[in-house]
Structure formats: structure tokens, C-alpha cells
Amino acid sequence: MLVNLNGKLVEKEEAKISVFDHGLLYGDGVFEGIRIYDGNIFKLQEHIDRLYNSAKFIMLDIGMTKEQMIKETVRVVAASKIKNGYIRLVVTRGAGDLGLDPRKCPKSFYFIIVDNIKLYPEEFYKKGLDITTVAVRRNISEAINPQVKSLNYLNNVLAKIEAINHGRFEAIMINNQGYVTEATGDNVFIVNSGALYTPPTYMGALEGVTRNTIIEIARKLKIRTEEKIMTRYDLYTADECFLTGTAAEVIPVVKIDAREINGGIPGHITKKLIKEFRKQTKILGVKVKY
Ligand code: PMP
């Protein structure tokens, strides 16, 4: 494991940050999770674009251009020699005083961790997940907008805790109007009568890079694909269901709140999309010269 600590490449043990950093004190910062597949940083540009949009929303000056950030990311990946792994890119408000005022943090701080990824057991991809909806509601857009990938993940952590308390691996979060948003760290899709549906991001979901890749793939495969406002009814009665995310990739869901989906086995459109997605991961993105 190697870390780019604000421009300096260091080992894990040396990668330390100030206890006065507002990223730690207030969750004041933004981040990205990115995958490396066979030396290809999958959709790096898209992740950097989202990072800068998140930063803009919270009025955080990253202090470097997107091109420089891409260079710094590629540099640490090359130095790590990791060809298949995970990148965690974090930008914090930086060190300040103990008050909230971000103006007291003169300079933002970034770090980029490159690590091996522990994939979910292959069994989950073959058999599918049994998940639950939870009582914790997704943040409303007027509070911390879920389209911002900020360091404030307590809303998602609380949903995850609730799922675990129910003996489930993952949760689907509903918004305060009763509409389906997303899972705690993944977007959600359903298939109905051969068409693919996912909730619009304004309902309270992050615009996932994997989500967008799946939409592109589905459209190329001539599968009708639409953003659709959904309730739990749509989940329970779906022909197929799956989650998408950088870490989880594309993972089938076979049970939601004790209702079986597709007789409890992954559906064929889901399997087709997984196959196509895996091909794309090695093609789209930035190739690293090691
Ligand atoms: N929703 C949330 C809340 C997330 O944190 C993530 C990223 N882990 C996703 C969806 C999926 O986004 P992506 O495909 O870009 O990883």
C-alpha cells in the first residue's frame, strides 16, 4: 500500500494527518473511490469531474487543476505497482481551529491511497444478495445533497448499521417522500418486462460512475432504460434487481424485505450486464505506465 500525502509519496505508517483537520473534525471534505483493472484506472476523468463538482458545491478550493490531480493519482498508482486495486482520493478543508468556520482553514489537504481490494465473495455475485429497506431516511437534498460525495457519510453508516442489525448485508434507503433512492454505497436498478429502471438522482442518489456505465451499456444493448421514481412496491414486484458501485461493481439482488426477486436467483439481463461491464472495466479510463 502506498499513499500520496498532499504530493508526497509515503508508506502507510507515515500517512498521518492533523487532528485539527476539518475533514476529521466536521466531515468537511469530499472523496472518490476508484478502481484499477489490469493497469487501467477505470473512468478516472469521470471520478475527477465528480470530485470537483462535489468540491464546488461545498465551496472547497482543491488548489490544483483536474489535470494535476489526475497526474498525482497516476503517479501514486504507478509507484504502488498495483495493477488491480482500489484508489481512495480524499480532499479535506485542511487544518483550522476548533470552530466550524472554513475560512480558518487556509489550505485544503489531499491524500490518495492505493490499496488492494478485497472483493466481496464471488458467491454473492453468483447467488445474489438478500437486502432490506431501512427506517433511516436518505438525507434531503436541501440538507447534505446526496449528489455530493462528501466526507459526511453518517446517514449511510446509520442505514448500514440498521441493515446489519436486521441480519442483512445491505440496505435500500428511502427518501422522506417514500421514494427509493439508493443503497448505502451503491445505486439500485430494477428490470421490469425487459426494461431497465433506476431512480433519478434528484430523488436522493449519487450519480454513480458505475450507474452511468450500466446505462450506457444497456442502451448499446438496446435495452430500454429509464430513470423512474419508484416506491417499495416497484422493488418487491421487479423481475430483476441489482446494485452498482465502484467497490461492489454490479451485484444481483435476489431478496428484498423477504420478497423473492426472480424466484431468488439472479436474472438474465443482470447477468448480461455484469458480463459486459467486466469487459468495459479494462477499456475505459487511463492506462498507467508502471
Ligand atoms: N451511492 C453512494 C452513496 C456511494 O457512496 C457510491 C459510491 N461508493 C455509489 C452510490 C456508487 O457510485 P460509483 O458507481 O461512482 O462508485
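Conventions and cut-offs
Sequence positions are assigned chain by chain, starting from 1 and proceeding in written order. Local features in a predicted model are, by the rule used here, given only for residues with pLDDT of at least 70; side-chain atom pairs are given and counted only at 80 or more, and totals for whole chains, interfaces and linings are based on all residues. Side-chain numbers here rest on the full set of heavy atoms in the structure, without hydrogens or water. To be near a molecule or strand, a residue needs just one of its heavy atoms within 4 Å of it. As used in this structure description, the phrase polar contact means that two N or O atoms lie within 3.5 Å; if the pair is within protein, one of them must be able to donate a hydrogen and the other to accept it, and residues adjacent in sequence are counted only when both atoms belong to side chains. Working definition of accessibility: Shrake-Rupley area with a 1.4 Å probe, residue cover restricted to the visible protein chains. The helix count covers DSSP runs of H or I at least four residues long, the strand count covers runs of E at least two residues long, and both are numbered beginning at the N terminus. Any Lys or Arg side-chain nitrogen found within 4 Å of a carboxyl oxygen on Asp or Glu counts as a salt bridge. Only protein chains enter the calculation, and the probe is 1.4 Å; a residue is then buried if its accessible area is under 20% of its type maximum, exposed if over 50%, and partly exposed in between. Asp and Glu are treated as the negative residues and Lys and Arg as the positive ones, with His and the ends of the chain left uncounted. The contact definition used throughout considers only heavy atoms, calling two residues in contact when any of these lie within 4.5 Å. Domain delimitation follows an automatic or database domain assignment. Buried area, as used here, totals the accessible surface that two parts lose on assembly, with accessibility defined by a 1.4 Å probe and the loss added over both. By definition, two strands form a pair when at least two bridges between them are found by DSSP.

J.: Quick one: what's the story with the site of the ligand, residue by residue and with numbers?
T.: The ligand sits among 17 residues. The nearest are Tyr153, Glu182, Val209, Thr210 and Thr246. Within the contact set of the ligand, an oxygen atom lies 2.7 Å away from a backbone nitrogen or oxygen of Val209. Separating an oxygen atom of the ligand from a side-chain N or O atom of Thr210 is a distance of 2.6 Å. Taken by itself the ligand offers 390 Å² of open surface, and the protein chains cover 93% of this. Sorting the residues of the shell around the ligand by element identifies helix 6 (209-220) and strand 13 (240-245) as the ones contributing at least two each.

J.: Residues and numbers for the pattern of salt bridges, please.
T.: Oppositely charged side chains may form a pair once their charged atoms are brought near each other. Using the criterion set out here, one finds 16 salt bridges in the structure. A salt bridge links Asp97 to Lys104, with the shortest nitrogen-to-oxygen separation between them at 3.7 Å. Asp101 serves as the salt-bridge partner of Arg103, at 2.9 Å between the closest nitrogen and oxygen.

J.: Can you lay out unusual backbone geometry for me, pointing to particular residues and giving the numbers?
T.: Backbone geometry at Asn6 places phi at a positive 55°, although glycine is not the residue there. With respect to the secondary-structure elements, Asn6 resides in the loop between strand 1 (2-5) and strand 2 (8-11). With a phi angle near 50°, Asp38 is a residue other than glycine that sits in the positive phi range. Assignment of secondary structure puts Asp38 in the loop between strand 3 (29-37) and strand 4 (40-42). Residue classification places Asp38 among the partly exposed positions, given a relative accessible area of 49%.

J.: Before we move on, can you summarise the side chain of Asp257 with the specific residues and values?
T.: As for its placement among the helices and strands, Asp257 is situated in the loop between strand 14 (249-256) and strand 15 (259-260). An unpaired buried charge is present at Asp257: no salt bridge exists, and Arg232, the closest side chain of opposite charge, is 4.9 Å distant. A polar contact of 3.2 Å, which involves the side chain of Asp257, links it to the side chain of Thr132. At 2.7 Å, the side chain of Asp257 forms a polar contact with the side chain of Thr133. Ignoring sequence-local partners within four residues, the contact set of Asp257 consists of Ile131, Thr132, Thr133, Arg232 and Tyr236.

J.: Before we move on, can you summarise the domain arrangement of the protein chain with the specific residues and values?
T.: According to the domain assignment, the protein chain consists of domain 1 (2-115) and domain 2 (122-280). Taking only C-alpha atoms into account, the centre of domain 1 sits 26 Å from that of domain 2. Facing 24 residues of domain 1, the contacting portion of domain 2 comprises 18 residues. Together, the buried faces of domain 1 and domain 2 total about 1,600 Å²; carbon and sulfur atoms form 61% of this surface. Together, Phe31, Phe42 and Arg50 form the three largest contributors to the area buried by domain 1 at its contact with domain 2, with a combined 35%. Counting every contact that joins domain 1 to domain 2 gives two salt bridges. For the salt bridge of Glu249 with Arg35, the shortest nitrogen-to-oxygen distance reads 3.3 Å. On the surface where domain 1 and domain 2 come into contact, there are 12 residue pairs in polar contact (both at pLDDT 80 or more). Secondary-structure elements contributing two or more residues to the side of domain 1 that touches domain 2 are helix 1 (22-26), strand 3, helix 2 (44-57) and strand 5 (85-92).

J.: Which residues make up the pairing of strand 10 (residues 187-192), and what values do they have?
T.: Along strand 10, five of the six residues are buried, which leaves the element largely enclosed by surrounding structure. One ladder, built from five bridges, connects strand 10 with strand 13; its direction is antiparallel. When the sheet's bridge partners are listed, Ile190 is paired in strand 13 with Cys241. Note: strand 10 against strand 11 (residues 195-198), three bridges, orientation antiparallel. Note on strand 11: the bridge partner recorded for Ile190 is Tyr197. Joining the antiparallel neighbours strand 10 and strand 11 is a turn of two residues, in which Ser193 adopts a positive phi near 45°.

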